[in-house]
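Chain and residue survey
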Amino acid sequence: MAYHFPEAEPYRIKVIEPLKITSRSQRQQILKDASYNLFNIPAEDVYIDLLTDSGTSAMSQDQWAGLMIGDESYAGCRNWFHLQETVRDITGYQYILPTHQGRSAENILMMIHLRQGLSALGNMFFDTTHAHVQTKGGIPRNLVIDEGLDGESNHPFKGNIDIDKLEEHIKNLGREQVALIHVTVTCNNNGGQPVSMANLRAVRAVADKYGLPFFLDAARFAENAFFIKLREPGYAEKSVKEIAREMFSYADGCTMSSKKDGLVNIGGFLALNDEANFRQAQQYLILLEGFITYGGMAGRDLEALSRGLKEVLDESYMANRIRQVHYLGNQMLAAGLPVFRPIGGHCVLIDMKQFLPHIPQLEFPCEVFCAELYLDSGTRAVGLGQLAFGGVDEETGEILYAPLEVVRLAIPRRVYTDNHMDVVIRSAIRTYERRDSLRGMKITWSPQVLRHFTAHLAPI
Ligand code: F0G
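Model, not experiment: these values are computed from the prediction.

**Section: the side chain of Asp418**
Turning to its location among the elements, Asp418 is positioned in helix α16 (residues 418–433). Within the local environment of Asp418, its side chain forms a polar contact with the side chain of Arg323, the two groups lying 3.0 Å apart. Not counting residues up to four positions away in its chain, the partners in contact with Asp418 are Glu9, Arg323, Gln324 and Tyr327.

**Some remarks on the state of the cysteines**
Taken as a whole and assessed by the stated rule, the structure comprises 0 disulfides. Take Cys187: it sits in no disulfide, and the sulfur closest to it among the cysteines is that of Cys347, at 10 Å. The class for Cys187 is buried, based on a relative accessible area of 0%. Of all cysteine sulfurs, the one in Cys187 lies closest to Cys254, which takes part in no disulfide; the gap is 17 Å.

**Things to note about helix α12 (residues 315–334)**
The terminal C-alpha atoms of α12, which comprises 20 residues, lie 27 Å apart, in line with the 28 Å expected from a rise of 1.5 Å per residue. Backbone geometry just after α12 places Gly336 at a positive phi near 90 degrees.

**Here we look at a nonpolar patch on the surface**
On the surface, Leu362, Val392, Ile399 and Tyr401 cluster together into a nonpolar patch covering about 370 Å² of accessible area. Judged by relative accessible area, which is 48%, Tyr401 ranks as partly exposed.

**Considerations on the site of the ligand**
Around the ligand, the structure places 16 residues, and the nearest of them are Thr52, Arg103, Asp217, Ser257 and Lys260. Asp217 has a polar side-chain atom sitting 2.6 Å from a nitrogen atom of the ligand. For the ligand, a nitrogen atom lies 3.0 Å from a polar atom in the side chain of Lys260. Within the complex, the protein chains bury 93% of what would otherwise be the 470 Å² of accessible surface of the ligand. The residue inventory of the shell around the ligand, partitioned by class, reads 1 nonpolar, 8 polar and 7 charged.

**So, the pattern of salt bridges**
Scanning all chains against the criterion turns up 23 salt bridges. Among the ionic pairs, Glu223 bridges to Arg413, the shortest N-O distance being 3.1 Å. Within this pair, whereas Glu223 is found in helix α8 (residues 221–231), its partner Arg413 is found in the loop between β14 (406–410) and α16, the two being separated by 190 residues in sequence. We note that Glu223, like Arg413, is buried. A salt bridge links Lys229 to Glu315, with the nearest nitrogen and oxygen atoms 3.3 Å apart. One end of the pair, Lys229, is in helix α8; the other, Glu315, is in helix α12, with 86 residues separating them in the sequence. Exposure remark for Glu315: the relative accessible area of 26% places this residue in the partly exposed category. Salt bridges here are not isolated pairs; linked through shared partners, they connect Asp53, Arg220, Glu223, Asp261, Arg321 and Arg413.

Here is what the cut-offs are and how they apply
- Each chain carries its own residue numbering, running from 1 in the written order of its sequence.
- Confidence filtering applies because this is a predicted model: local features only for residues at pLDDT of at least 70, side-chain atom pairs given and counted only at 80 or more, and all residues used for totals across whole chains, interfaces and linings.
- Just so you know, side-chain values use all the structure's heavy atoms and leave hydrogens and water out.
- The helix and strand labels rest on DSSP assignments: H or I over at least four residues marks a helix, E over at least two residues marks a strand, and numbering proceeds from the N terminus.
- In protein, a polar contact means a hydrogen-donor-capable atom and an acceptor-capable atom, both N or O and within 3.5 Å, with residues adjacent in sequence counting only if both atoms are side-chain atoms; elsewhere, any N or O pair within 3.5 Å suffices.
- The criterion used for residue contact is that any of the two residues' heavy atoms lie within 4.5 Å.
- Note on disulfides: each one is a pair of cysteine sulfur atoms within 2.5 Å.
- Burial classification: accessible surface area is computed with a 1.4 Å probe over protein chains only, and a residue below 20% of its type maximum counts as buried, one above 50% as exposed, and the rest as partly exposed.
- How far a helix is expected to stretch is found by multiplying one less than its residue total by 1.5 Å.
- Patch definition: residues above 30% relative accessible area lacking any salt bridge, with like charges linked at up to 9 Å and the nonpolar side chains Val, Leu, Ile, Met, Phe, Trp and Tyr linked at up to 5 Å.
- Each accessible area value is a Shrake-Rupley result obtained with a 1.4 Å probe; residue values ignore everything except the protein chains displayed when judging cover.
- Any Lys or Arg side-chain nitrogen located within 4 Å of an Asp or Glu carboxyl oxygen qualifies as a salt bridge.
- Nearness is judged by heavy atoms alone; a residue qualifies as near a molecule or strand once a single heavy atom is within 4 Å of it.
- Classification convention: Asp, Glu, Lys, Arg as charged; Ala, Val, Leu, Ile, Met, Phe, Trp, Tyr, Cys, Pro as nonpolar; all other residues, Gly among them, as polar.

See the structure below:
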């Protein structure tokens, strides 16, 4: 059955944020001043900012109104009780801990479960989760299905974890060597690809068989639920909320970055079913974030989050969200650009090995494209390739190549119109048409770690 997507946004604009229009020659100077690294550009000099969908949502009138009833009491503010009730209603989990972002929820979860040498099994761990496993001495293992790494496979659920690999790992490592299973919905690292309900059910069965705890990284849970509605037999007539509730029912809890499907600019939570773990988590929460009823967020922010979590489950909102992301990706595909298929929930990935085959990975094709796109239209994208994930082995001096060389265009929620998407599409196509004239870049300065955030580059 074909789904009837809305033709346009199910909301209208009441407040606007003016954007600065720069000229190409101004952008040339801005790029130079930023040493050709778009992270170094002041956001005001960006026309369309597709760096991330995280914390960049526009809030609704109801959310803004909610800020005014923020209760800034240290303990037991009313907005906390509203949030607790909302999260319980959506997830079904009993114990909720507010955190200021997703990564602090991940930190606390891993503090409880990880020990030196233990493994954490997942589809693909987001960078911060990966790091939180490692800092506890643990080993994160990515077990996404093979199709999930193939940019041309049209598998409908490319975020699925490979159930055979999962069980093999548990058997080979030994049950005692595995701390937990953590599945990210949708899977951010391969472009917001969804995980099917059948897959989550199968993970539950494996978790039960071996007595392992199983958690979701729920940052984009509602987008995942909508894909299940669209693509998985038996779910077309169910509401996004019902589907989300069933997804959560298979896990023992979740970590959440509310900066995505919470439709807010800051926030997160950890939700659990196990009371003993909850008591322990509360102690860490007080130590790291704040008292158990605010956890690093202002009362008003808790309120905006409760309201955002309800709005994200509105089907007309979600259908339009996915429609817009797919509009961007499918227009580029139609123009022959090497875009990862199928388009995911929050971003479009462009394969730079195909886009700029004449520029070797060591000359940073992602950053070449991002600089060119910015120069052309003031659009900011981000490279996920050699600069971010490649490097040099400190012991052997051997060059380590990043597995993928892709640019991500992430779409903020309720922020840009389709006209903005058209600007990006035309700009990417123009860049594609003159791809042969583009030349590589070299690093002129680089920090020891996480170099893509601050490195300086220059055209060769
Ligand atoms: N999990 C997923 C799947 C994420 O995408 C992110 C953040 C986090 C956890 C961490 O949450 O930022 O609230 O601490 N992703 C952003 C991005 C940064 O651009 O994809 P946080």
